[in-house]
Each structure stands twice: as C-alpha cells, then as structure tokens.
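The primary structure of each chain is shown beneath.
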Amino acid sequence: MPYLTPTNHEEAFSFLENNNPRIVAGCTDYFPSLRQGQIHDDLLDVSRINGMRGVTKTDTGWRIGAATTWTDIVRAALPPAFDALKQAALEVGSLQIQNQGTVAGNICNASPAADGVPPLMALGAEVEVGSSEGSRRVALSDFIKGVRRIDLNPGEMVVAIHIPDIPTMSTSAFYKLGSRKHLVISIAMVAAIVQVKAGRLTDVRIALGSCSPVARRLPGLEAQLMDEGVADLEYFDFGIGDAFAPLTPISDIRGSAEYRLDVVSEMCRRVLIAACKGS
Amino acid sequence: MDVENLEASIDFNLNGQIVQVAPVPGERLSETLRERLNTRDVKIGCNAGDCGACSVLVNGETICACLMPTQQAAGQKVETLAGLVKSDYHAKALIERFQDHGAAQCGICTPGMIVSTVALLRANPKPNEQQVKDALCGVLCRCTGYRKIIDAVLAVPASIDNSGGVGRALRRLDGIDKVTGVEVFGDDIAPAGTLEVRVVRSPYPRASFVFGDLDAWCEQITGMEAVLTVADIEGENCFGVIPEFADQPVFAEEVARFRGEAVAAVVGTPEVIRAFQPDDFPVTWTELESVANVAEAQAKGAPQLHPTRAENLMCRGIVRSGNAEAALAAADETVEGAFSSGFVEHGYIEPEAGFAEVVNGRVEIHACTQSPMMDLISMEIILGMNRSEIRIAPTGVGGGFGSKLDISIQPYLALGAIKTGRPVRITYSRTESMQSTTKRHPSEITLKIGAKKNGCLSGFSFFGDFNTGAYASWGPTVANRVPVHASGPYSIPDYTAVANGVHTNCPPAGAFRGFGVPQSGIAQECLFDDLADKIGIDPLEFRIINALGDGIPTVCGQVFEQGVGSKACLEALRPAWAKERKEADAFNAASTGSLRRGVGVAAGWYGCGNTSLPNPSTIKAGVRTDGTVVLHQGAMDIGQGSNTVISQIFATALGISATELDRIGGDTDVTPDAGKTSASRQTFVSGNAARLSGEDMRAKILRHVNVSDDATLAFGDGAITVSDNGKVHNIDLTIMQADDEGYAFVSRGTYDPPTKPLDENGQGIPYAQFGYAAQLAVIEVDEALGTTKPIKFVAAHDVGKAINPMLVEGQVQGGIAQGLGMALMEEYLPGRTENLHDYLIPTIGDIPPIETLIIEVPDGHGPYGAKGLGEHVLIPTAPALLNAIKYATGIRVHSVPVTPSKLRQAIKGREND
C-alpha cells in the first residue's frame, strides 16, 4: 500500500493506468469519509504535480489547476465575475478547510451541497480529465452525474477546471443559507453572474445548490430575468412560471424540501441584487 | 516519483527542528505528531475537520492536522503551540492575554485557538472583531462562549487582580498549562505504542445478538491481545450513578437496548486496532422492534426495556402546594401550551479518553472525569475488588457539562489492563462519544398558568414527559428536580408539577447543565410572557410582581429568610429592557425589508447541591516542613474554574494569597472526596469545605504560637512567620515532626448542605441555597428566510458573592452559548447526527456580545456569601430567545431548536392567517 506523490502528470497517469488508487489532494473529504478500520490500498496524492496548483489566464479563459485550494482562489487576482466563486470559497468549511481543500476535490466529492459548484456552473466551467490516453473536457454540469457520482473512468484524473472568457463587466455574488455562521453544510445556496447595461440585465446566470442531487442552472428563470430593470428586482415575482422546476429538494436534518423551495426565491432576489451592486 | 512504502521515512521541520518519521501511508499528521513525535499539545476532537482542536501551521497556514496525510508535510515547516510559545512573538503575548481574560476554560480547544490566532496576527497584527471571527471560525469551543477569546485576541484591557483572595479576578491558577498545551488530558497520558481498546457496539436501537468463537477469532489475528465480554467481569455487570436505579451493563447481555451500546471490546496493538473493522467481529445481530420516543414507549404492547419498570416508566417526580385547579378556575386569565425539545449533546471537544495499568496488584485508571469518587465506587462494584485495590487518578478534563459524571471508558480500561496484564488506553471516536454517552433529556411539556388582573399568579399546572433513554443514569434526578424548579423563581401558592422519566431505545439521557430545568424553563418563561401580554402588564414587571423574595415560600414550602436574589436580577434588567425595546421598536418602524428585531427576557433559578440528599465535600490541606502550603483540591475542575475558586476561598480563610498554594488534584489515593462536579455545588459545597479547612489550618497555627485572630501569616523557607500586634513569631517547621505525607500541619474541612427530605407532595427543604438569574436577549429575525440572529445578551446573575468575577463572566458567557445552541440549532438524532458537522454547536460567529451584571445578594450558607452558578447560566437563555422571537414576529414557537425551516413555516402560517 504505497503513498504516491508524483511531481508530473505522466507519472500519475502511468500509475493510474495500472492501479486503482484513491486520488487525494486536500483530503478534507477523504479523511472524514473513512469508516472505522478502513484503510485504502493505494493513495495517489496529486497535490505536488507541477502545474496542478494555481489559477492562470489562458487564451480562451482561465485555468484552475486541480490542486488549487480555496484560499488560492480567494487570493487570486480575478475579474468580478469570479466574486461569487471567491465568496463561496470563503464559505467552504472554515479557514483550515479553505487552506487544505481543493476546487477539484469539491467537484469530485460530488456532494449536492458542494459550495463551489453553483458558482463554477454559473461560470460555465469545464472539467479537464487526463489519462495516459490523453485528455478530454466535459462540462461541469455533465461531469457531476449525481450524488457521489462523477464522469471519471478508471485511469483518469481531473487535471484542471477551465472557465471560458467572460466579459469584464460581468459581476457576480454568492449566497449560502445555513443554520450557523461558519463550518456549516448549506441548506441552500445560489450563485449569480450578471451583466447590466443601462440599468437592465443583459445577461443572467443563476445556479442553485443543495436543492437537487447536482447543483442546477435555472435557464427558465434566467430567461425571465433578461432585460429586467435592476431597480425592479426588489419586486420581481420569482414565483412565476416554472422558474424553479429543475429543483428537486429533499427534506433532511438541515431543512424541509418545502422550506428550500420557499426560500430560493428570496435568495435569488438577494444574490441578484448583490451581483448587480458589484457592477 | 516518490513512492512512500510502509517503512519510508520523511523529513519535515517541526517547531524549528528537523524530524524524521516513517508514517503509515495516509497516516494523519495529527497522529504522527502525537504518537510518533510526542507533540501532544496538538489535540484531537473529531478527526473530521469539524472542531479545529488539531490546528497547526504548515508553512504558516492554519490547517487541521487530522485532515493532512503526514506525507504532505514532507519538506514543510510545521508549527504547533508547543513550539510557538517558545519562539513566536504573537504566541508569547497571546498566552498572557488568554490568561488575563480567562479565554481558556477547560483548555482543550486552546491550542487550536492560539495557533489559529498566531496565523491571523502574523498577517494582520491589528484585526477587527469580524476578522478575528473569520480567522477562528474553524475552532469550536464549548466552554467559553468565545467572547473572552475575542477579547484576548483583540487585546481588550483585562481587569485582572492577581492578589489572590476572595472577590478578586485572579488568573486561573491552572491556566498556564492550558495556554501552553502542557495540560495532560485523557488521551495525553498513555505512552505511544500502548495497547488500545476498541468497543464493539450495537448498530441497532434494539437487537439481540450472539457471538461466534471469540477466542478463535482473537487467536488468528496477530497483535489482537484480548476480547473483553461480560465473562471478564468479576463483579456486577451493572452500574449507575444513583444506586437504587443502577441498571446499565458494561456489556449488554443478549439484547442491546440502544444504538451504540457496548457488547464487547477488543484489545490490541495500535496497528491492529487501527485496522479493526467492527463488521469483522464475530457477532450476529437480529434487529428487534424498538421505541424511539415517549409515545411509542407508552403505547400498548410496546417492548419493555426493564422488567421492573412497567410501561417503561422509570420514575415520577411530584410537587404540589395549595390547589392549582381551583386557582386556575378563579384566575382572570389563563394561558396554556405544549412545548417540546430534543436530545442535546454535550459536545465537549475532548472525547472520553484514558489510560489504565496494573501497579503492584492495584488497578490505576487515569481518565477524564467529573467525579473520581463515583468512578471508584462503580469500579469497585464492576471489578469485584476492594476499593483499596483501585486508584482513580483524574487527568485534565476537556469539558464535561454533566456527561463525564457517568462512567464510560473506565470499565473497558480496567478490564483490558487486568486481562492483558499490560497498560492499555482508549479514546472514543467522536461518533462513539456521541452515540454512547448521555444526552440532555428530550421533553414534552404541557403547562397551564393563571393570573389575576393585578398580575398575581393564580394557579400553575405542569406535566412533563422526559425521554430518559435506555438506562436511568441521572433520569431520576431530572424527574425530581423539574417539579421543584418548574415554577421558576416566583411565588406560586397554588401549584402542581409532575415529571415522568420514560425509557426508550435511545442513548441514556443523563445530566446536562440544568438537569431538565432548562427544558421546563422554556415552557414556564414563554407562557409567562404570553400571560403578561394577555393581562396587559409589561413582561418584566409581571415577573417582578411575582418574583420570590425573602420570607416568601417556594413551591416546596421552603422559606428563605435571606439571600433570595430573584427580584434583584430582574430589576437589574430594567434599564436594558427599556433601552433595547425602544431601539427595537424604532428599528422595526424603519425597517422596509424582512428584518425584525425582538427583545426577550426570562429568569431562572437553580438549587445548588443534591436534592434533599447528603452531598458532603471534604477539603484537606497540609503545610510541608519547607513551608509550602499544599491544597488537596478534589473538586474536579472541568473548565469552570474550581481549581482557582476553591484555592481562593481556602487561601482567604487561611490568610494568604491563592497564588502561594501548591495544589494536588482529585487522585483518590491522596485527596479526600470533594464530591462530584455537578449540581452547581462546587463553589458552594466544596467552597465551604475549603473555608472550613482554611480556618482550621489558621486556628492550628495561631494556637501553636498562642496569638490573636488578627495575626498575619507568611509561609516559606521552612518556617511560618506569624505577626500579631507588633510581635513576630517564627515557627520553625524543619524541627517539627512531619506526618507520613510530610506535613507539619494538616487541616480538613467537611461541609454538607443542610437539607430535609421532600414529602409525598414534594414539600420540604430540597436545597440549602438557590442561585438566581435573569437574562435579556436581543435578536433579529429575517422573516423571509426564517433565520434568527442573536445580536446582544444582558445577563444578570445573583452569585451571592463573586469569588472570582472573571470566572463568573466566563461561566455566564459559556452557558449562554450552550443555551443559544439548544434554542436555535442543536438536536441530536440517533443514527443521523453522530458527528460535529451534522450536529451543530455554535461557532465563534454565532455568539454576540454578552454583558454580565453580577448581582451579589449574599447567602448565609455560602462561603463568603457565594452561591453556585454553573447551571443557572443557560436556564434563561432559550426562553429569552424564544420571547425575543415572539417580540419580533408575533410568533410563539413551542419547540426547540428554532431552525430556519421551522420558523419560516410558522411565519408563513402567520401570513396566511
């Protein structure tokens, strides 16, 4: 039972080709998930692979290395469209968890309550999956297939997350609702990215978490909000039509399904107003 | 590529030294630091990143060592508290400020707190309060309520007074060990490599079971040294804190009665125990029908937990005076309501842990406990050994709040050490601790109260069912205390209160700060507000009208001629009540959004010491021939401060400063029984014993040189210098005959509070003193989301005499934090919230400023007038919050916790009305 700390992708891929290790980086989900007495045969620690950590600008957008921590996100110089992601980063567990936990780990853990997923979905994130066969990119909304289920085959690992270019005038915000101030799994959360021209919304992206097995964008609501006046958001009727139809919340210890559906309107209103304020 | 195989070693810089270790692949850094590098200032509270006790700095960043594989530390710089206090500028200053503010109570979270703070201050030497909260949000504290920690970090000036007598805000005498990480807690005593014990537990609320061939199973695993079962118990497989109700087995036999109940234990090397999976243990389970609550337990045909307790009724407590029914009928207005609360977990950050070994044929148990002598009595019965063959040597206690009164790990330690003949250790996982140790009783209460138009109470009828779980534990105490206290600190001539303790297949509900009174207080104090509204009297004035005072009988017919501080506490809140309501009204009038501010008050009282039963404490002291005064301080300090308070009282009685004392703890071999740390009795009962012991010592010394009582004493250099009336007498201790313990002078003081039994109507003298409290809470409700944000507390507490005002404030703030948790977020659901991320306790971000108003109405029985305080502090908190929520929203919530989901539903219901 080895513990592997490769320093380049090829070493990692070659090990993955012939073994089935548990891939770890920040380990903030790995350790709590261990049952009493459970020991994994092999651990592949990807945190020291060159190029795996940090946010970089590419020709077409941004690249977030798979071992980038939430604190790295907070400290990175990024345009206002990433404010939602930064705010989510500050709501991930505690400072300790933010210093250790990684963006890619948050995705791969595939919890319905993953704090990073709504803002990344709103950003139109793609996941870069690599293996000795090469690499492929898959939309984040397709990569997370369900609760604890992701589109990752044996031999593959997540290498990076890519965010396509987004206009510099886009602004964003994130709102997390929990039963205490910190260190809390959300009851519901919402991320919004907007563009405002002449006081009206010209682009709206809203993603909600903890209200469906996988966080969801709300295209119906986004369409309804197009061209809405920013000043009118306070009175906008979020309950109309089937804006929240994609949501399928459950009742659990954190809140009832009914409650979740009830509060998402107000959360969307607040996060949109906050996002517009950033503009 | 680095491939770290089993024996591969890595280097890193630990506290300035390069260290080399060979961890198991995937070993947690916390374990490596503690077990391979003896860095035991790093504490483990949850092993899941939920509590932050294991926080260390890696390359200057705060991380949870329990979540980092040691391999990731290779080549890095790791700093722990032990290193920081030696070399770091900020840490050196922080350990002083933490002591000045009493920011460490039990001390188990303190390493994580200080380490996290150092990272903050290095980046930002002058943080504001919000920045402190953001930096420390990952470290949970269950004792302090965080406010003293915030003050210490922000370098708020402290009003410390280290002169050491009664009434002085003396630093904790045991504080330096806590803030430097030197304090030895339950898991800190065993040497690395010690055999470990792991308990095998029922996965079902009720199940029968049969073992396979245990010997053969044990035999085939190298390093598995023993399996412990009921067959290893030479005495009785039964324990309980109240002898008449003792019913709990060390190991369940044939049927397990709650999820998490022990049926066996294994003892093995650390490597074997690390890999031990309970599913591999040869036991076959058959799940049986179980009962989860009182209604199920009392339904026809429900499974009976104990054959002698029909309908699963463990016991019933009753108090009756006057004629409640007639008074209610004659009342001008009445209110009634049904209130409920769930299990509450104590949530101390130190899980149960300890070490045991057989020394010269005697079993020695070193473990965290609130009551060494009760542990000794239980172990005597279980082991079938004479008391003289057992030693209970308490370790530091990382929080208790009532749950560490009951034995937990002690039998497994003792049986393991006896069977293997080798030292053994055990530490419960967070989940084991939550599954198997006691909880606060869930309650279902119905209450009807009447009043006359003039505001005087007219009739009070209370009935409460308390889910006591599978075993009695302190359930009988809850059933008896609740009817005595359900009136609150008020005069209610016509009163009836009945409380049942009912068995279910849940974890045993036992002692938790307040013994059921916080639950009954919610019903009573909420309905008081409703009643005041109904008759049109200000809720605070309504309480003042009805408050108990000197010479007014309690519901038990007890009349205190002095010392009743109920009215003083309530009256102390008048200025804040007027100011805060005015501000809230203005806020609400101006609020255009969904925020509503509310202000609520509630009061409480609590009888100090055992209910109508003897509970003596003895405090012994000695003067060594070198002049050292040694205090045998057996009143377990679980963070509340008895090490300091008892010393202050003793020292004052003797006539020196508490800082001059040497202290010996509650080791049953050398220290007399100071009773249990429970029932808010230590300051009162052990404090009196300390006073008597100090007076006895002083009298013996004065008599030795035949001087007057005005003499002053000075100890040191093998002598006592006695100055009286201008004359100086020197007692040369070196020439005196010392006793076996090396003492030239020895003193003892024993105190047992004067009480009398309660008759069949609960009439009598249950306690020699009560303490009194009244609190005011200010909150904001976000009506659109159903969230409640506390923004301020004002707490008036009558402590008779504040022996140490700083520690009083610490108790008040910590109690309010627990009451806030109970009111707003905490509910233990067996099988669902068995960890600290699903079971939420308040974080540093949840506790608002708390203003403490210390009220001193001296009590004739208390040492220097002092009264107990520990439990009083959370009794008014939850009802004050509920009353504030009603003020803000108009909604009376009848159950806790008031989760956002629950409150929002009620708000929607109001809108639909």
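Note that this is a predicted model, so its numbers are computed, not measured.

**Points about the overall build of chain A**
- Regarding its fold elements, chain A presents 10 helices and 14 strands.
- Principal-axis analysis of the C-alpha atoms places the extent of chain A at approximately 60 × 45 × 30 Å.
- Burial analysis of chain A (279 residues in total) assigns 54% to the buried set.
- Long-range pairs, those at least 24 residues apart, make up 64% of the contacts in chain A with a sequence separation of at least 6.

**Focus: the overall build of chain B**
- What chain B contains, in helices and strands, is 24 helices and 33 strands.
- Here the C-alpha atoms of chain B give a radius of gyration of 27 Å, agreeing with the 29 Å that 2.2 N^0.38 yields for 913 residues.
- Dimensions of chain B, computed from the C-alpha atoms along their principal axes, are close to 80 × 80 × 60 Å.
- Across the 913 residues of chain B, 64% fall into the buried class.

**Quick notes on the interface of chain B and chain A**
- In this complex, chain B contributes 51 residues to the contact, which on the side of chain A involves 42 residues.
- Taken together, the elements giving at least two residues each to the side of chain B that touches chain A come down to strand 1 (2–4), strand 5 (61–64), helix 5 (129–136) and helix 24 (900–912) of chain B.

**Re helix 5 of chain B**
- Listed in full, the buried residues belonging to helix 5 of chain B are B:Val132, B:Lys133, B:Ala135 and B:Leu136. Down the axis of helix 5 of chain B, the sector holding all buried residues measures 165 degrees, keeping them to one side.
- Lining the buried residues of helix 5 of chain B we find helix 5 (95–100) of chain A together with helix 4 (110–123) and helix 6 (147–154) of chain B.

**Some points on the confidence of the model for chain B**
- Chain-level statistics for chain B give a pLDDT mean of 97 and a share of 99% at 70 or above.
- This complex was scored by the predictor with a pTM of 0.98 and an ipTM of 0.97.

**Quick notes on unusual backbone geometry**
- Residue B:Pro897 is bonded to the preceding B:Val896 through a cis peptide linkage, with omega at 0 degrees.
- Here B:Pro897 is to be found in the loop between strand 33 (895–896) and helix 24.
- Here the phi dihedral of A:Ala110 falls at roughly 50 degrees; this positive angle occurs in a residue that is not glycine.
- Note that A:Ala110 resides in the loop between helix 6 (103–109) and helix 7 (117–122).
- We classify A:Ala110 as buried; it has 20 C-beta atoms within 10 Å.

**Side note on the environment of B:Leu376**
Residues and elements named next belong to chain B.
- Looking at the element boundaries, Leu376 is found in helix 12 (residues 372–383).
- Spatially, the C-alpha atom of Leu376 lies 33 Å from that of Asp279, the residues being 97 residues apart in sequence.
- The residues contacting Leu376, other than those within four sequence positions of it, are Arg387, Ile390, Ile392 and Thr668.

**A few points about the packing of helix 5 of chain B against helix 6 of chain B**
All names here are of chain B.
- Running from amino to carboxyl end, helix 5 crosses helix 6 at an angle of 115 degrees, the nearest separation of the two axes being 10 Å. Considered as vectors, helix 5 and helix 6 are oriented roughly perpendicular to each other. Here the hand of the crossing between helix 5 and helix 6 comes out right-handed. Across the interface between the two elements, Glu129, Val132 and Leu136 from helix 5 touch Ile149, Ile150, Val153 and Leu154 from helix 6.
- Looking at side-chain class alone, the contact of helix 5 with helix 6 contains 6 nonpolar, no polar and 1 charged residues.

**Notes on the packing of helix 4 of chain B against helix 5 of chain B**
Residue and element names in this part refer to chain B.
- Contact pair helix 4 / helix 5: the axes reach a minimum separation of 9 Å and the direction vectors enclose 125 degrees. Between helix 4 and helix 5, the crossing angle belongs to the class labelled oblique. Crossing geometry of helix 4 relative to helix 5 is assigned as right-handed. Residues Met113, Ser116, Thr117 and Leu120 of helix 4 form the contact with helix 5, whose own contacting residues are Val132, Ala135 and Leu136.
- When the residues that make up the contact of helix 4 with helix 5 are grouped by side-chain class, the tally is 5 nonpolar, 2 polar and no charged.

**Focus on the nonpolar core**
- In this structure, A:Val190, A:Ala192, A:Val271, B:Leu413, B:Leu573 and B:Leu881 are the most contacted members of the largest nonpolar core, which totals 386 residues.
- The biggest single contributor to this core is helix 22 (residues 805–824) of chain B, with 10 residues.
- Other than its neighbours up to four places away in sequence, A:Val271 contacts A:Ala173, A:Phe174, A:Tyr175, A:Val190, A:Ala191 and A:Ala192.

**Let's talk about helix 4 (residues 83–91) of chain A**
All names here are of chain A.
- Among the 9 residues that make up helix 4, 7 are buried, leaving the element largely enclosed by the rest of the structure.
- Buried residues along helix 4 sit against helix 3 (70–75), helix 5, helix 7, strand 11 (171–177) and strand 12 (188–197).
- Of the residues trailing helix 4, Gly93 is marked for its positive phi of about 45 degrees.

**Focus: the sheet that holds strand 26 (residues 712–716) of chain B**
Residue and element names in this part refer to chain B.
- Ordered in space as 26-27-28, the 3 strands form an open sheet in which the pairing is antiparallel. Edge positions in the sheet fall to strand 26 and strand 28 (727–732), since each has one partner strand and no second. Adjacent strand axes in the sheet meet at a mean angle of 20 degrees when their direction is disregarded.
- Of the pairings in the sheet, the one linking strand 26 to strand 27 (residues 719–724) comprises 5 bridges and is antiparallel in character. Among the inter-strand pairings, Thr712 is bridged to a residue of strand 27, identified as Ser723.

**Remarks on the sheet that holds strand 23 (residues 617–624) of chain B**
Residues and elements named next belong to chain B.
- Judged by pairing direction, the sheet is mixed, and its 4 strands sit side by side in the order 25-24-23-29 without closing on themselves. Each edge of the open sheet carries a strand with a single partner, namely strand 25 (661–664) and strand 29 (743–751). Adjacent strand axes in the sheet meet at a mean angle of 20 degrees when their direction is disregarded.
- Pairing of strand 23 with strand 24 (residues 629–632), which is carried by 4 bridges, proceeds in the antiparallel orientation. Pairing of Gly622 across the sheet is with Val630, part of strand 24.
- Taken strand by strand, helix 20 (residues 642–654) contacts strand 23, strand 24 and strand 25, and its axis lies near 130 degrees from that of strand 25.
- Helix 21 (residues 682–705) contacts strand 23 and strand 29 of the sheet and is inclined by roughly 145 degrees relative to strand 29.

**Some points on the pairing of strand 23 of chain B**
- In terms of burial, strand 23 of chain B is a largely internal element, 7 of the 8 residues being buried.
- Linking strand 23 of chain B back to strand 24 of chain B in an antiparallel pair, the connection comprises 4 residues, with B:Gly627 at a positive phi of about 95 degrees.

**Brief notes about the environment of B:Thr446**
All names here are of chain B.
- Relative to the assigned elements, Thr446 resides in strand 19 (residues 443–451).
- Note on Thr446: 15 C-beta atoms within 10 Å, which makes it partly exposed.
- Residues Thr446 and Ile841, 395 residues apart in the sequence, show an inter-C-alpha distance of 27 Å.
- In contact with Thr446, not counting residues within four places along its chain, are Ala338 and Phe463.

Analysis parameters
Residues numbered from 1 in each chain as written. Chains lettered and ligands numbered in written order. Predicted model: local features only at pLDDT ≥ 70, side-chain atom pairs only at ≥ 80, totals over all residues. Helix = DSSP H or I, 4+ residues; strand = E, 2+ residues; numbered from the N terminus. Buried ≥ 20, exposed ≤ 12 C-beta atoms within 10 Å, placed from the backbone. Contact = placed C-beta atoms within 7 Å. Rg over C-alpha atoms; globule rule 2.2 N^0.38 Å. Arc of directions from axis to C-beta. pLDDT = per-residue confidence, 0-100. Axes fitted to C-alpha atoms, helices over the stretch in contact; angles between N-to-C directions. Parallel < 35°, antiparallel > 145°, perpendicular 65-115°, else oblique. Left-handed = near helix turned anticlockwise from the far one by under 90°. Nonpolar A, V, L, I, M, F, W, Y, C, P; charged D, E, K, R; others polar. Core = buried A, V, L, I, M, F, W, Y, C linked by C-beta atoms within 7 Å. Pairing = 2+ DSSP bridges.

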